[in-house]
Amino acid sequence: MIDPKIRDRFPMLTSNQMMQGHPLIYLDNASTTFKPDCVIEAENFYNSLQTSNSHRGDYDLSYLVDQHVAESRALVASFINADTREVIFTSGATAALNTVAFGYGLSTLKPGDEILLTLAEHASNLLPWFKVAKMTGAVIRYIPLTKEGRVTVEAAKQAIGPKTKIVSIAQVTNVLGYEAPVKEIAALVHAQGGVICVDGAQSVPHIKVDVKDLDCDFLAFSGHKLCAPTGTGILYGKYHILEKMEPFALGGGMNVKFYPSGEMELLPPPTRFEAGTINVGGIYGLAKAIEFIQGVGMDNIAEHDRMLKARAVEGLKNCDKITMYNATSEAGIVDFNVNGVFAQDAGTWLNSKGIACRSGSHCAKILHEHIHTIATVRASFYFYNTVEEIDTFVDTLVKGGDFLDAYF
Amino acid sequence: MPTFELTPAMMREIIMDHYSSPRHKCDPEQEGYVSLHSASVNCIDDINVYLKLDDKGIVEDARWNGVACAISTASSDILCDLLIGKNEKDALYLNEQFHKMLHEEPYDSSVLEEAMAFMNTSKQAARIHCATIGWDAMEQLLKEHRHDR
Ligand SMILES: Cc1ncc(COP(=O)(O)O)c(C=O)c1O
């Protein structure tokens, strides 16, 4: 159970935001999430009372910052059951996935090696691999999805072979919200000598993720989808892999020494992968956000997501005006179209009712060839959404109306 | 001065009409067209616009095609209607007035005709770029292919 008082902790909720004359109902949590007071205060604390760069100074203030960053790293590590030195701060899931593709992929892939993805991946887990495949001569292949859009162990078993060097898939997909059997797939890839990179952008904020249990080699996620500030994210990597891995970005903060000849000695992981000034204020916020959602309880969050999803599905499944694409998926995501209305127009119409959903191809443009529509509307929930909000959302859709009403 | 008074009901009808049966939504079958591709990060709209200019710079034909919402479909289609027969100067003037209307600046309504139906688009600020995607692309094409350059 989620205590409804949790909403009092979010200025975006307590400030009684109005949109188009209606109280805001925010159902775009797969995109980004609201920040609780403690996260805002933590980032503010850094900016107003503890500003200085990390590992750059000999003075107390800088030391305090280093301490705080180290503690934050340890907290992230315990959150996903990793070792502290396996946790790399990035600017988000995109940066983390690019680090894997260009750091690990670029230096290990040979012509003819296979990179296995799915058609349900976010652009951030496709485009880096497309590029790396082009640069190395590796081949992109896809684990076929079921008709609903799900990845199964059977399909993965068929697809994974001796040439499979990297499997990179989302644990929970961002459009349809199916949960992939990552643990089983990891075992299959490892048996063939490959590695698995898990895109946890949509899973880590919503379910308990344990990297040791999954036995994944990499895990990427963003802070802003779990109530932390934008510009924060994590790349987890198994230490023995990180140790041999090339950095994607080079510069200050990640080297030991370098010479005019071009010779350089780099720091060990995780710092090797944190070139330049990191988002220190964001990291203060990220640590608080993780504490906060752990306080709410990952199991409670997952249960609340499921409850809201079930309620939305129940309300919409018999409505002949609506086509739903993912009634059976695990995540608190409802992907749909209003029949006869282009997704974007439906999104605008919902906006005119104060409901924030996302319309579009959701950065998974190739998926829509699979579910036979170019674009959909996506409503996505988090623990601060209420049953009443879902009911209003459902009632609004069921009642319907002329989508051009939004303009008149 | 508006050349005719539009009621909201008429505006809806104009938009729905061009959305459900666009007249100029097709790729050219012949040579002689210049074209430009335009896509938006904010929405799904992903269109091509095509212009055929005669040797005096008069728009002989205007077309568009692609994936587009109701607002971008109707606005691009109406634009093509209005462009055909205009010289570059009048075409650019029309474009300028349309942008002014959408951004709630004073504008000359006498040239906008059916494009007046988008008077209210600014109510849905996130959709202004849909109403202008075709117009922006056409403006760029017109400027690139000016005869008096
Ligand atoms: C599955 C998935 N992967 C990657 C990303 C990219 O995250 P970010 O934009 O925070 O880097 C997202 C964000 O929408 C996502 O949903």
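Definitions and limits used
- Sequence positions are assigned chain by chain, starting from 1 and proceeding in written order.
- Lettering of chains starts at A and numbering of ligands starts at 1, both following the order in which they are written.
- Where totals are concerned, whole chains, interfaces and linings use all residues; where local detail is concerned, this predicted model gives features only for residues with pLDDT of at least 70, and gives and counts side-chain atom pairs only at 80 or more.
- Values shown for side chains rest on all heavy atoms present in the structure; no hydrogens or waters enter the calculation.
- The rule for pairing is simple: two strands pair if DSSP sees at least two bridges between them.
- What counts as a helix is a DSSP run of H or I of at least four residues, what counts as a strand is a run of E of at least two, and both are numbered from the N terminus.
- Here the axes come from fitting lines to C-alpha atoms, over the contacting stretch only for helices, and the angles between their N-to-C directions go from 0 to 180 degrees.
- Two residues form a contact once any of their heavy atoms are found within 4.5 Å.
- Left-handed describes a crossing whose near helix is turned anticlockwise from the far helix by less than a right angle; the clockwise case is right-handed.
- Ten residues, namely Ala, Val, Leu, Ile, Met, Phe, Trp, Tyr, Cys and Pro, are considered nonpolar, four, namely Asp, Glu, Lys and Arg, are considered charged, and the remaining ones, Gly among them, are considered polar.
- Summary of the distance rule: residues count as near a molecule or strand when at least one heavy atom falls within 4 Å of that molecule or strand.
- Each polar contact in these results corresponds to two N or O atoms within 3.5 Å; when the atoms are within protein, one needs to be able to donate a hydrogen and the other to accept it, and residues that are neighboring in sequence are counted only if both atoms are side-chain atoms.
- Accessible areas in this description were obtained via Shrake-Rupley with a 1.4 Å probe; residue shielding takes into account the shown protein chains only.
- For Phe, Tyr and Trp, rings pair up if their centres lie within 6.5 Å, where Trp contributes its six-membered ring, and each pair is then called stacked (planes under 30 degrees apart), edge-to-face (over 60) or tilted (otherwise).
- Exposure categories follow from relative accessible area, calculated using a 1.4 Å probe and restricted to protein chains: below 20% of the type maximum is buried, above 50% is exposed, and the middle band is partly exposed.
- Throughout, the accessible surface (probe 1.4 Å) given up by two parts as they are put together, summed over both, is called the buried area.
- By salt bridge we mean one thing: a side-chain nitrogen of Lys or Arg within 4 Å of a carboxyl oxygen of Asp or Glu.
- Note on terminology: angles under 35 degrees are roughly parallel, angles over 145 are roughly antiparallel, angles of 65 to 115 are roughly perpendicular, and the others are oblique.
- Domain boundaries shown here were taken from an automatic or database domain assignment.
- Residues forming no salt bridge and having over 30% relative accessible area are the ones grouped into patches, like charges within 9 Å of each other and nonpolar side chains (Val, Leu, Ile, Met, Phe, Trp, Tyr) within 5 Å.
- This arc describes the spread of directions from the helix axis toward the C-beta atoms.

Draft legend 1. Seen up close, the sheet that holds strand 17 (residues 376–380) of chain A. Residues and elements named next belong to chain A. The sheet built from four strands is open, its strands ordered 13-14-17-16 with antiparallel pairing. The open sheet terminates on both sides in strands that have one partner only, identified here as strand 13 (322–324) and strand 16 (358–360). Going from strand to strand, the sheet's axes swing by 30 degrees on average, the running direction of each strand aside. Bridge analysis of strand 14 (residues 333–338) against strand 17 gives four bridges, and the strand direction is antiparallel. Bridging across to strand 17, Val334 finds its partner in Ala379. Along the sheet, helix 11 (residues 298–316) makes contact with strand 13 and strand 14, crossing strand 14 at roughly 20 degrees.

Draft legend 2. Expanded view of the packing of helix 3 (residues 60–80) of chain A against helix 10 (residues 280–296) of chain A. Residue and element names in this part refer to chain A. At a minimum axis distance of 9 Å, the contact between helix 3 and helix 10 shows a crossing angle of 40 degrees. Regarding helix 3 and helix 10, the two cross each other, and that crossing is left-handed. Contacts between helix 3 and helix 10 involve Leu64, Val65, His68, Val69, Ser72, Leu75, Val76 and Phe79 on the former and, on the latter, Val280, Ile283, Tyr284, Leu286, Ala287, Ile290, Glu291, Ile293 and Gln294. Considering only residue class, the contact of helix 3 with helix 10 consists of 13 nonpolar, three polar and one charged.

Draft legend 3. Up close: the site of the ligand. Residue and element names in this part refer to chain A. In the region of the ligand, the neighbouring residues are Ala93, Thr94, His122, Ser124, Asn174, Asp199, Ala201, Gln202, Ser222, His224 and Lys225. Within the side chain of Gln202, one N or O atom sits 2.7 Å away from an oxygen atom of the ligand. Bound to the protein, the ligand loses 85% of the 390 Å² it would expose on its own. Taken together, the residues that form the shell around the ligand break down as two nonpolar, seven polar and two charged.

Draft legend 4. The packing of aromatic side chains, seen in detail. Enumeration according to the criterion identifies 17 aromatic pairs over all chains in this entry. Ring geometry for Tyr382 of chain A versus Tyr384 of chain A: centroids 5.7 Å apart, planes at 75 degrees, classification edge-to-face. Using a relative accessible area of 1% as the deciding quantity, one classes Tyr384 of chain A as buried. A ring pair is formed by Phe98 of chain B and Trp135 of chain B, whose centres lie 3.7 Å apart and whose planes are at 10 degrees; its orientation type is stacked. Taken together, the positions of Phe98 of chain B in helix 3 (residues 88–102) and Trp135 of chain B in helix 4 (residues 128–144) put the pair 37 residues apart, joining distant regions of the chain.

Draft legend 5. Region of interest: the interface of chain B and chain A. At the junction of the two partners, chain B supplies 21 residues and chain A supplies 19 residues. Contact with chain A buries area across many residues of chain B, yet Arg12, Ile44 and Gln124 of chain B alone supply 40% of it, more than any other trio. Counting every contact that joins chain B to chain A gives two salt bridges. Notably, a salt bridge pairs Asp405 of chain A with Arg12 of chain B, separated by 2.7 Å at the nearest N-O pair. Our count for the chain B to chain A interface comes out at 12 residue pairs in polar contact (both at pLDDT 80 or more). Of all elements in the fold, only helix 1 (8–20) and helix 2 (70–83) of chain B reach the threshold of two or more residues within the side of chain B that touches chain A. Per-element accounting of the side of chain B that touches chain A gives the leading share, six residues, to helix 1 of chain B. Taken together, the residues of the side of chain B that touches chain A sort by class into 14 nonpolar, three polar and four charged.

Draft legend 6. Looking closely at helix 12 (residues 343–351) of chain A. Across the nine residues that make up helix 12 of chain A, a large majority, nine, are buried. Within the span of helix 12 of chain A, buried status applies to Ala343, Gln344, Asp345, Ala346, Gly347, Thr348, Trp349, Leu350 and Asn351 of chain A.

Draft legend 7. Quick look at unusual backbone geometry. Residue and element names in this part refer to chain A. Here the residue pair Pro269 and Pro270 is connected by a cis peptide bond, since its omega of 0 degrees sits within 30 degrees of zero. Among the secondary structure elements, Pro270 is positioned in the loop between strand 12 (264–266) and helix 10. Unlike most non-glycine residues, Gln20 shows phi in positive territory, near 50 degrees. Looking at where Gln20 falls in the secondary structure, it is placed in the loop between strand 1 (18–19) and strand 2 (22–23). Judged by its relative accessible area of 34%, Gln20 is partly exposed. Here the phi dihedral of Cys227 falls at roughly 75 degrees; this positive angle occurs in a residue that is not glycine. For Cys227, the location among the structural elements is in the loop between strand 9 (218–222) and strand 10 (233–237). When its relative accessible area of 0% is taken as the criterion, Cys227 is described as buried.

Draft legend 8. Here's a closer look at the packing of helix 11 of chain A against helix 13 (residues 387–399) of chain A. All names here are of chain A. Two elements in contact, helix 11 and helix 13, have axes whose closest approach is 10 Å; the angle formed by their N-to-C orientations is 20 degrees. The orientation of helix 11 relative to helix 13 falls into the category roughly parallel. Crossing of helix 11 against helix 13: the hand is right-handed. Every residue of helix 13 that contacts helix 11 at Met307, Leu308, Arg311, Ala312, Gly315 and Leu316 is listed here: Val387, Ile390, Asp391, Phe393, Val394, Leu397 and Val398. Here the contact of helix 11 with helix 13 is composed, by residue class, of 10 nonpolar, one polar and two charged.

Draft legend 9. Inspection of the domain arrangement of chain A at higher detail. Residue and element names in this part refer to chain A. One can read the domain layout of chain A as domain 1 (4–27 + 297–398) and domain 2 (40–294). One C-alpha centre belongs to domain 1, the other to domain 2, and the line joining them spans 28 Å. Contact with domain 1, which involves 32 residues of that partner, is made by 34 residues of domain 2. At the surface where domain 1 touches domain 2, the tally comes to 15 residue pairs in polar contact (both at pLDDT 80 or more). Of all the elements in the fold, those that place two or more residues in the side of domain 1 that touches domain 2 are helix 11, strand 14 and strand 17.

Draft legend 10. Focus on a nonpolar patch on the surface. Together, Tyr59, Leu61, Tyr63 and Leu64 of chain A make up a nonpolar patch on the protein surface, roughly 390 Å² of accessible area in all. Looking at the secondary structure, you find Leu64 of chain A in helix 3.

Draft legend 11. Representation of helix 7 (residues 182–191) of chain A within the structure. All names here are of chain A. Those residues of helix 7 that sit buried are Val182, Ile185, Ala186, Leu188 and Val189. Projected down its long axis, helix 7 shows its buried positions confined to an angular sector of 165 degrees, all on one face. Tucked into the core, helix 7 has its buried residues touching helix 6 (153–159), strand 7 (164–170), strand 8 (195–199) and helix 8 (211–214). Downstream of helix 7 by one or two residues, Gly193 has phi in the positive range, about 85 degrees.

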